[in-house]
Amino acid sequence: MSPITTEQLRAEVLGAAVALAGEGMSLRQEIALERPPRAELGDYSTNAALLLAPSLGAPPREVAQRLGAELKARLGDGLDRFEVAGPGFLNLFLHPRWFAAALSEVLKAGERFGAGGASAPERVLVEFVSANPTGPMHVGHARNAAYGDALARVLSLHGHEVVREFYVNDAGSQVRKLGESIQALARGEEVAEDGYKGEYVKQLSAGLADAANTEPAELGHMAVEAMVSNMQASLGAFGVVTFDHWVYESTLHSGQPSPVEHTLAILEAQGQTYRSEGALWLRTTAHGDDKDRVLVRSSGEHTYFASDIAYHQDKRERGFQRQIDVWGADHHGYVARMKAAYDALGGDPEHLEMLIMQLVHLVRRGERAQMSKRAGEFVTLDDLVAEIGVDAARWFLLSRSHDTTIDLDLDLAVEQSSDNPVYYVQYAHARIASMLVKAGPERVAAALVEQGNYDGGRAEPEHASERGLIKRLLAFPAEVQEAARRRAPHRVAAYALELAQEFTAFYRDCHVLDVQPQELESLRIALCVATQRTIACSLDLLGVSAPTEM
RNA sequence: GCCCCCGUAGCUCAGCUGGAUAGAGCGUCGGACUUCUAAUCCGAGGGUCGCAGGUUCGAAUCCUGCCGGGGGCACCA
């Protein structure tokens, strides 16, 4: 029985290592199965011998030789040959037969290839965007939205049960301030110095009936409704999968007892709070924070922090083992206190993740521009989409790690959007679609049956480009796992580009349609289908479309 | 002052649970469209991985310090 996926290959390597060193082998690092830096170094390589050498008391290269022999015995014909290289790497050259069998596994997995790899599926709540409803969403929110959405998709594909939530801050003084600004505009008065300005406020004012004679607080809430509706439309246009819940901060203050009161009662009962200077404090310093925090001001009002704790407690009570908050860079100071509060509530801080999105800097003519919401000077999510389109925008925002700052020069982005690598990936997808149309559905179906039931003896991938493409496909499940584990959807973007490049090399070197013998055409058609599915799946994880023609 | 993120090619960024000659896109230069989609392909050029120590058989990757950039340090939200 030959191993036919990289997972099985890895298992064989580990098995061979155990055969040499025994069950109780101690390693300084984990044995890795990786792709060597250059093609002539083999299909896969392992550092196992380097790690086993000390405990075996033998030179690494000698250990590698023994390990290779052991593997050869296990893999039989699947392993063409092995080489010992450098300080003691074991390089594996697999037989084309192995690749044919591996491709058949990919085909059998079908649309589910790469899915469901989570060893311990969790119920995860991903809260993201949560933009204040006092203004339009800017590019920072666009980044947050793209990231949170993609992360949720990745986690979901990996096998977790994911719920998406948007937290609406509709209870603060900012909402009243927005109402005041709207009223001032409706009355033809000057907006206060610290009020809200900008075109959207005028539109809100014009859209609300009798704004001149309505209470600012009431106006504020009407405006929030309108803003939430706008945000929903903008997010929808940006391809963000619909949020499962929109949770309003105000609901945390209603009911008997309200969620906030309920949460404060828990904290008080556990002796986590104290009164000082007329305020109620949470002893966050007992849980790693650098100073205690106020929950209820001396004025009797709850702080935002109190609402936030109640919100997180509410999520816990709804049964989420894991909470992920996707927050803006300006919230990083909240991480320690929120974790402390979570700990104080009796939760495991390890199960509360606050992912901090670094800033998107706006650049104009080579200089950083300031985004000011009150002054109405910023690039909105809608602007971004209108200028460069959803696919280019999402790719741009998602192909970088969330913890690096991004410079966005919109003029440059518009100018360069047609050079966006996203189109390269989409192009590969469209090309395949075109070829498969040309082949015809019956021919494609026959090829899939033929290759999906591979049992040796048929055409094998003799060309290095065929094997290169299969190797890249085989890497997909591990990429999804890495992206999920590290909360790093940008890895999927990098993978999609590599896969498209690998396909393009295959396309260049290997003619597909009407090649002889027919078994070879089947193999290549099947390879095209597997590639198309995997590109489509990768793009979908990013929320980018996979067109069938361009 | 304290905390978080970043510093890799001209530009934008991957790589960082240590591994072999550090990668991609864009830009630059030179080639390729009677061939399954040229939104493509082939080739060239481009690097003290911020600096200095340390750990290691092996460091862009881990540790410490320093320098530089960004962000945060409310009884605001």
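Nothing here was measured: the structure is a model prediction, and the numbers come from that model. (Residues numbered from 1 in each chain as written. Chains lettered and ligands numbered in written order. Predicted model: local features only at pLDDT ≥ 70, side-chain atom pairs only at ≥ 80, totals over all residues. Heavy atoms only, no water.)

Visitor: Would you mind showing me how to read the pattern of salt bridges here?
Guide: Should their charged atoms come close, side chains of opposite charge can pair. Throughout the structure, instances matching the rule amount to 38 salt bridges. Here R81 makes a salt bridge to E83, at a shortest N to O gap of 2.8 Å. With relative accessibility at 39%, the residue R81 sits in the partly exposed group. Note that D289 is salt-bridged to R293, the shortest N-O span being 2.8 Å. Across this residue pair, the class does not change: D289 and R293 are buried. Each of D149, R153, R164, R394 and D540 takes part in a single network of salt bridges with overlapping partners. (Salt bridge = Lys/Arg side-chain N within 4 Å of Asp/Glu carboxyl O. Buried < 20%, exposed > 50% of the residue type's maximum accessible area, 1.4 Å probe, protein only.)

Visitor: Help me understand the protein's contact with RNA strand B, please; the structure alone is not making it clear to me.
Guide: RNA strand B sits among 69 residues. The nearest are R297, Y334, R400, D403 and Y427. Counting only atoms of RNA strand B within 4 Å of the protein, the sugar-phosphate share comes to 58%. K291 is positioned such that a nitrogen or oxygen atom in its side chain is 3.4 Å from a sugar or linking oxygen of RNA strand B. In the model, a base nitrogen of RNA strand B is placed 3.0 Å from a nitrogen or oxygen of the V512 main chain. For the surface near RNA strand B, the secondary-structure elements that each account for two or more residues are α2 (48–56), β4 (89–94), β9 (279–282), β15 (406–409), α15 (421–439), α18 (476–485) and α19 (490–509). The element best represented in the surface near RNA strand B is α15, accounting for 9 residues. Split into classes, the residues belonging to the surface near RNA strand B amount to 28 nonpolar, 22 polar and 19 charged. (Near = heavy atom within 4 Å. Polar contact = N/O pair within 3.5 Å; in protein donor to acceptor, adjacent residues only side chain to side chain. Helix = DSSP H or I, 4+ residues; strand = E, 2+ residues; numbered from the N terminus. Nonpolar A, V, L, I, M, F, W, Y, C, P; charged D, E, K, R; others polar.)

Visitor: How should α19 be read in this particular structure?
Guide: Taking 1.5 Å as the rise per residue, α19 with 20 residues should run 28 Å; its terminal C-alpha atoms sit 29 Å apart, in good agreement. Regarding α19, the residues found buried are V492, A493, Y495, A496, L499, A500, E502, F503, A505 and F506. In this fold, the buried residues of α19 make contact with α5 (139–158), α13 (390–398), α15, α17 (464–474), α18 and α20 (518–542). (Expected span 1.5 Å × (residues − 1). Contact = heavy atoms within 4.5 Å.)

Visitor: I tried to follow the packing of aromatic side chains on my own but got confused; where do I start?
Guide: Each aromatic ring pair is described using two quantities: the centre-to-centre distance and the angle formed by the ring planes. Applying the stated criterion across every chain, the model contains 14 aromatic pairs. Where F166 meets F243, the ring centres are 5.4 Å apart and the plane angle is 85°; that geometry is what we call edge-to-face. You can see F166 sitting in strand β6 (residues 161–168) and its partner F243 sitting in the loop between α8 (216–237) and β7 (245–248), a full 77 residues away along the chain. Judged on exposure class, the residue F166 and its partner F243 are both buried. Ring centres of Y304 and Y334 lie 6.2 Å apart, and the angle between their planes is 80°; this geometry places the pair in the edge-to-face category. With Y304 in helix α10 (residues 304–317) and Y334 in helix α11 (residues 334–344), the pair connects residues that are 30 residues apart, well separated along the chain. Accessibility expressed as a relative area gives 29% for Y304, which makes it partly exposed. Every member of this aromatic cluster is reached through a ring pair, and the members are F128, F166, F243 and W246. (Phe/Tyr/Trp six-rings, centres within 6.5 Å; stacked < 30°, edge-to-face > 60°.)

Visitor: Please explain the layout of surface pockets as it appears in this structure.
Guide: Over the atoms, a rolled probe matching the size of one water molecule traces out where space is still vacant. Within this model, the second largest pocket holds a volume of roughly 1000 Å³. Around the second largest pocket sit 33 residues that line it, and T6, E7, R10, P477 and A478 are the ones nearest its centre. Breaking the lining of the second largest pocket down by element, the ones donating at least two residues are α1 (6–21), β1 (33–34), α4 (96–109), α17, α18 and α19. At 6 residues, α18 tops the list of elements feeding residues into the lining of the second largest pocket. Its residues placed into classes, the lining of the second largest pocket shows 14 nonpolar, 6 polar and 13 charged. (1 Å grid on protein atoms, 1.4 Å probe; cavity = no way out; pocket = protein on both sides within 12 Å on 5 of 7 lines; lining within 4 Å. Points joined across faces, edges and corners; volume = space filled by probe spheres on them.)

Visitor: Which parts of the structure should I look at to understand the packing of α1 against α2?
Guide: Helices that pack against each other are described as a pair by the angle of their axes relative to one another and the distance between those axes. In contact at an axis separation of 11 Å, α1 and α2 are set at 15° when each is read in the N-to-C sense. Judged on the interaxial angle alone, α2 and α1 are roughly parallel. Like other packed secondary-structure pairs, α1 and α2 cross with a definite hand, here right-handed. Residues V13, A17, L20 and A21 of α1 form the contact with α2, whose own contacting residues are A48, L52 and L56. Grouping the amino acids of the contact of α1 with α2 by side-chain chemistry returns 7 nonpolar, no polar and no charged. (Axes fitted to C-alpha atoms, helices over the stretch in contact; angles between N-to-C directions. Parallel < 35°, antiparallel > 145°, perpendicular 65-115°, else oblique. Left-handed = near helix turned anticlockwise from the far one by under 90°.)

Visitor: Help me understand the nonpolar core, please; the structure alone is not making it clear to me.
Guide: Across soluble globular proteins, you tend to see nonpolar side chains buried next to one another. Counting residues in hydrophobic clusters, the biggest one holds 126 residues, and the most contacted among them are V129, F166, L235, F238 and L384. Take this core: its biggest share by element is 13 residues, from α20. Setting aside anything within four residues of it in sequence, one finds V129 in contact with M137, N144, A145, F166, L235 and F243. (Core = buried A, V, L, I, M, F, W, Y, C linked by side-chain atoms within 4.5 Å.)

Visitor: Is there a simple way to explain the confidence of the model for chain A in this structure?
Guide: Detailed conclusions should not be drawn from predicted coordinates in areas where pLDDT is low. Confidence in the prediction for chain A averages 91 pLDDT; 96% of positions are at 70 or higher. We note a pTM of 0.95 for the whole complex and an ipTM of 0.95 for its interfaces. (pLDDT = per-residue confidence, 0-100.)

Visitor: I'm lost on the side chain of R487 in this one. Help?
Guide: Within the secondary structure layout, R487 lies in the loop between α18 and α19. The exposure class of R487 is buried, given its relative accessible area of 12%. There is a polar contact of 2.6 Å between the side chain of R487 and the side chain of E353. Ignoring sequence-local partners within four residues, the contact set of R487 consists of Y147, L151, L155, R322, I324, E353, L355, H402 and E482.

Visitor: Where do I start with the sheet that holds strand β10 (residues 293–296) in this structure?
Guide: Adjacent strands of a sheet form backbone hydrogen bonds with each other and so pair up, either parallel or antiparallel. Read across the sheet, 3 strands follow the order β8-β9-β10 without closing on themselves; strand pairing throughout is antiparallel. Each edge of the sheet is formed by a strand with only one pairing partner; in this case those strands are β8 (273–276) and β10. Taken over all neighbouring pairs, the strand axes of this sheet differ in orientation by 45° on average, direction set aside. As defined by bridge partners, β8 adjoins β9 across 4 bridges and the pair is classed as antiparallel. Its bridge partner lying in β9, S276 is registered against A279. (Pairing = 2+ DSSP bridges.)

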